[in-house]
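Coordinates in review
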Amino acid sequence: MSEHEAITADTGPEQVGLTFLTIAHGLRGAVDRHMQSTVGLSLSRTKVLQALATHGTLHQAQLADTLGQAPRSVTQIVEGLERLGLVSRTDDTDDRRRKTVSLTAAGSTTLTAAEEAGSHVLRQLFGSLDPQQLRSLQSSLARLDTALTD
């Protein structure tokens with residue numbers, strides 16, 4: 001039995017869920033690899049830039065909360081982005097132990113390029129589905145999202 005046949009052989013909820021997780025992991029990897037090879041920015045670093053572009057200047061703790069990540073992990077990512085000139089960190093005027101993080105002009109330009117690189121992969125992969133398959137997938141994903149929030 002080929003890997004594809006193994007993925008599609010069982011249609012029980014558990015197997016479909018495991019197949020979904022496997023494909024989602026592969027999709028994330030494909031997007032991440034393409035972003036790194038074309039822009040030099042990982043998906044996790046891109047998410048930090050997106051949060052700053054959406055929310056503006058944030059304290060590092062706020063950024064970690066926004067991303068749902070551990071503060072130490074975000075600190076490491078921010079330090080790397082700062083070395084690249086994509087974000088700037090400054091001392092908080094009220095509490096010098098806190099740092100605020102801002103997106104730089106270079107960060108904004110790089111974010112646009114990274115988002116386009118990610119979109120390219122998504123267009124390529126999801127473009128292999130016909131319009132009816134896309135609508136069906138969208139409907140299924142919406143139901144799963146609702147089930148997660150209930």
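Look up: the structure comes first, before these words.
Residues numbered from 1 in each chain as written. Predicted model: local features only at pLDDT ≥ 70, side-chain atom pairs only at ≥ 80, totals over all residues. Heavy atoms only, no water.

1. A closer look at the pairing of strand 3 (residues 99-103)
Which entries qualify depends on this criterion: Should DSSP find at least two bridges between two strands, the strands are taken to pair. Strands are runs of DSSP state E lasting at least two residues, helices are runs of H or I lasting at least four, and both sets are numbered from the N terminus onward.
Bridge count between strand 1 (residues 58-59) and strand 3: two bridges; the pairing is antiparallel. If you follow His59 over to strand 3, its bridge partner there is Thr100. With five bridges joining them, strand 2 (residues 87-91) and strand 3 adopt antiparallel strand pairing. Directly across from Asp91, in strand 3, lies its bridge partner Lys99.

2. Digging into the sheet that holds strand 3
Put simply, the test is: Any two residues whose heavy atoms approach within 4.5 Å at even a single point are treated as in contact. Between the N-to-C directions of two axes lies an angle of 0 to 180 degrees, each axis being a line fitted to C-alpha atoms and, for a helix, fitted only over the stretch in contact.
Taken in spatial order, the three strands line up as 1-3-2 in an open sheet, and their pairing is antiparallel. Two strands in the sheet have a free side with no partner beyond their single neighbour: strand 1 and strand 2. With respect to the sheet, helix 5 (residues 71-83) is in contact with strand 2 and strand 3, its orientation differing from that of strand 2 by roughly 110 degrees.

3. Examining the layout of surface pockets
The line we're drawing: Definitions used for this entry: grid spacing 1 Å over protein atoms alone; cavity, a set of points where a 1.4 Å probe fits but cannot get out; pocket, an open set with protein on both sides within 12 Å along at least 5 of 7 lines; lining residue, one with an atom within 4 Å of a point. Grid points are joined across faces, edges and corners, and a volume is the space filled by probe spheres set on the points. Polar here means any residue other than Ala, Val, Leu, Ile, Met, Phe, Trp, Tyr, Cys and Pro, which are nonpolar, and Asp, Glu, Lys and Arg, which are charged; Gly is therefore polar.
If you add up the space inside the largest pocket, you get close to 900 Å³. Phe20, Ile23, Phe126, Leu137 and Leu141 are the residues nearest the centre of the largest pocket, which is lined by 24 residues in total. Looking at the lining of the largest pocket, the elements that each hand over two or more residues are helix 1 (3-9), helix 2 (13-38), helix 6 (105-126) and helix 7 (131-149). Of the residues forming the lining of the largest pocket, the biggest block, ten residues, is contributed by helix 2. Split by residue class, the lining of the largest pocket holds 14 nonpolar, eight polar and two charged. Volume-wise, the second largest pocket comes out at about 210 Å³. As for the second largest pocket, its lining consists of 14 residues, of which Val31, Leu43, Lys47, Gly118 and Leu122 are closest to the centre. Broken down by class, the residue content of the lining of the second largest pocket amounts to seven nonpolar, four polar and three charged.

4. Points about the pattern of salt bridges
We apply this condition: Basic side-chain nitrogens of Lys or Arg form a salt bridge, by our definition, when they fall within 4 Å of a carboxyl oxygen of Asp or Glu. Classification of residues uses two cut-offs on accessible area relative to the type maximum, computed with a 1.4 Å probe and protein chains only: under 20% is buried, over 50% is exposed, and between them is partly exposed.
Here the structure, examined in full by the defined rule, presents four salt bridges. For Arg89, the salt bridge is made with Glu82, and the minimal N-O distance between the two is 3.0 Å. Its relative accessible area of 24% is what places Arg89 among the partly exposed residues. One salt bridge connects Glu116 with Arg123, and the closest N-O pair in it is separated by 2.6 Å. You can call Glu116 partly exposed: its relative accessible area is 43%. Of the residues examined, Arg123 reaches a relative accessible area of 48% and is grouped as partly exposed.

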